[in-house]
Amino acid sequence: MIAISAAVVSDSAFPMANPTSTCRTATYKPELFLFSFAVVVVTGFLLFAGGFTTSIGAGMAFLDWPLSNGSINPHGWMQNIAMRSEHSHRLLGATTGLLSIGLAFWLWRREARAWLRKLAWIALGMVVFQGVLGGLRVLLDRLQVEMVDTTAGRLFAMVHATFAQAVLCVFVAIAAACSRSWINGHGKPGVEPPVSARRWAVTAVVLLFVQLMIAAVMRHSNAGLAIPWFPTSPTGALLPAEWDFRVALNFAHRSMALVLFVALVGLALKVWMHSGSTTLLRRIAGWMIGLVSLQIMLGAAVISSQRHPDVTTWHVVIGAATLATTWLLTFFLFRDRVEAGDATA
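Residues numbered from 1 in each chain as written. Predicted model: local features only at pLDDT ≥ 70, side-chain atom pairs only at ≥ 80, totals over all residues. Heavy atoms only, no water.

### Some remarks on the packing of helix H8 (residues 245-273) against helix H9 (residues 279-304)
Rules: Every axis in this analysis is a line fitted to C-alpha atoms, fitted for helices over the stretch in contact. Angles between the N-to-C directions lie between 0 and 180 degrees. Going along the chain from the N terminus, every DSSP run of H or I of four or more residues is numbered as a helix, and every run of E of two or more is numbered as a strand. Small angles under 35 degrees read as roughly parallel and large ones over 145 as roughly antiparallel, with 65 to 115 read as roughly perpendicular and the rest as oblique. Should the near helix be turned anticlockwise from the far one by less than a right angle, the crossing is termed left-handed; should it be turned clockwise, right-handed. Contact between two residues is taken to exist if any of their heavy atoms lie within 4.5 Å; hydrogens are not considered.
Look at H8 against H9: their axes get within 9 Å of each other, and the N-to-C directions meet at 165 degrees. When the axes of H8 and H9 are compared, the pair comes out roughly antiparallel. Between H8 and H9 lies a crossing whose hand is left-handed. Residues Arg254, Phe261, Leu264, Val265, Leu267, Ala268, Val271, Trp272 and Met273 of H8 touch H9, and the partners they reach there are Leu281, Arg282, Ala285, Gly286, Met288, Ile289, Val292, Ser293, Ile296 and Ile303.

Shown next, in the form of structure tokens:
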């Protein structure tokens, strides 16, 4: 991965030391798109590693940061599953950082669209901030916060888990903007997506972020099995007999899943029924519905498997994929507005 980043910023990739309007273009660049897509894929692996680390309770496998037991190659980390999971997560985080540096410089050197260049630098800043959040999760884990009966480290873990979704969405936006479909225009001439579809899409993305925030708090509060049945209790009840904070979190997560399913189906119908929707938009809407359906089934499997680490991790990953796909659809729905407000420099 380091070699890839080095190649990206080499003179062979960028023929001019000081970028000017003559070497910056807004045309489709296949290599740049593939690299930006690779960053999305690596970020997905990073989310998987983070989800698995949390699922097996290995977030504190090392008590120091940024090194692991004072080393970048700690003794025995390949033999111990907790150490292997956490250290792999850190290595993937560092790799994502290196790739985001390469992506930001590549866009700065070759991309004419000012908004996209700025977005790449924002993405780099977000990756750095996300790494710091991960470090604070470790370094402050022994600091107890009595008011909420948890540690400062766990509070940072909740923010770390949620902010990771935003990082993924920014990288998805960059990859989408570098794609042939975006640059050549995905819509039919003179036909804009309906305002109602755009509003519905924004609402869906907001709801997904709220759901993922609830999920992050629930996971780091050990509330995943606070309601140990799904969808009803052994007696057929829909509501828990006893309530506390953890039960309320779990119930809120389930209730929001139902709200989200209705919202995403509504968004998909808006896209499918609009005459101006392209094949691409219709496909993305289909992927979105498939992912949210799979996510609900995985949620039920988490309960039936008593939070098996593999099932729980895939539940986290598919949740992130659902958000990323919905965000991708929303981003394409606003494509004309995004490009119309651009100023190249």
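Moving on from the model shown.
### Topic: the pattern of salt bridges
Here is the rule we go by: Whenever Lys or Arg places a side-chain nitrogen within 4 Å of a carboxyl oxygen from Asp or Glu, that contact is recorded as a salt bridge. Only protein chains enter the accessibility calculation, which uses a 1.4 Å probe. A residue is then buried if its area is under 20% of the maximum for its type, exposed if over 50%, and partly exposed in between.
Under the counting rule described, the total for this entry stands at six salt bridges. Between Arg113 and Glu339 there is a salt bridge, with the nearest N and O atoms lying 2.9 Å from each other. Placement of the pair is Arg113 in the loop between helix H3 (81-110) and helix H4 (114-139) and Glu339 in helix H11 (residues 335-340), with a sequence separation of 226 residues. Just as Arg113 is buried, Glu339 falls in that class too. Bridged by salt links that share partners, the residues Lys29, Glu111, Arg113 and Glu339 form one connected network.

### Some details on the packing of H4 against helix H5 (residues 152-177)
The contact between H4 and H5 brings their axes to 9 Å, and the two run at 160 degrees. Taken as axis vectors, H4 and H5 run roughly antiparallel relative to one another. The interaxial crossing formed by H4 with H5 has left-handed handedness.

### As for H5
The periodicity of an α-helix, 3.6 residues per turn, causes residues three or four positions apart to be oriented the same way. Heads up, the rule is: Expected span of a helix: the number of residues minus one, times 1.5 Å.
Taking 1.5 Å per residue as the helical rise, H5 with its 26 residues ought to reach 38 Å, and the 38 Å between its terminal C-alpha atoms agrees with that figure. Most of H5 is tucked away: 20 of the 26 residues are buried.

### Overview of the nonpolar core
What tends to happen in soluble globular proteins is that the nonpolar side chains get buried as a cluster. Condition: Throughout this description, the term nonpolar core refers to a set of buried Ala, Val, Leu, Ile, Met, Phe, Trp, Tyr and Cys residues connected via side-chain atoms within 4.5 Å.
Judged by nonpolar contacts, the single largest core of 62 residues is most densely connected at Leu103, Leu107, Leu116, Phe171, Ile174 and Leu329. Ranked by the residues each element gives to this core, the list is headed by H5, at 13 residues. Formed by six residues, the second largest nonpolar core is a distinct cluster that contains Met218, Ala223, Trp229 and Val247.

### Comments concerning the packing of aromatic side chains
The geometry of an aromatic ring pair comes down to the distance between the two centres and the angle between the two planes. Heads up, the rule is: Whether two aromatic rings pair depends on their centres lying within 6.5 Å, for rings of Phe, Tyr and Trp, where Trp uses its six-membered ring; planes under 30 degrees apart make the pair stacked, over 60 edge-to-face, and the rest tilted. A ring is scored as having a charge over it whenever the NZ atom of a lysine or the CZ atom of an arginine sits within 6 Å of its centre and within 35 degrees of its normal.
This model, assessed by the stated rule, comprises 13 aromatic pairs. Geometrically, the ring pair formed by Phe35 and Trp106 is tilted, given 5.6 Å between the ring centres and 45 degrees between the ring planes. Of this pair, Phe35 sits in helix H2 (residues 30-55) while Trp106 is found in helix H3, placing the two residues 71 residues apart along the sequence. Since its relative accessible area comes to 8%, Phe35 is described here as buried. Among the aromatic residues, those joined into a ring-pair cluster are Trp115, Trp182, Trp327, Phe331 and Phe332. Taking the ring centre of Trp229 as reference, the NZ or CZ of Arg254 above it sits at 5.7 Å.

### With respect to the state of the cysteines
Applied cut-off: Only a pair of cysteine sulfur atoms within 2.5 Å qualifies as a disulfide here.
Enumeration according to the criterion identifies zero disulfides in this entry. In this structure Cys23 is not part of a disulfide, and its nearest cysteine sulfur, from Cys178, lies 15 Å away. Taking the relative accessible area as the measure of exposure, Cys178 reaches 2% and is therefore buried.

### Digging into the side chain of Gln295
Tracing the backbone shows Gln295 in helix H9. Setting aside chain neighbours within four positions, we find Gln295 in contact with Trp314, His315, Ile318, Gly319 and Thr322.

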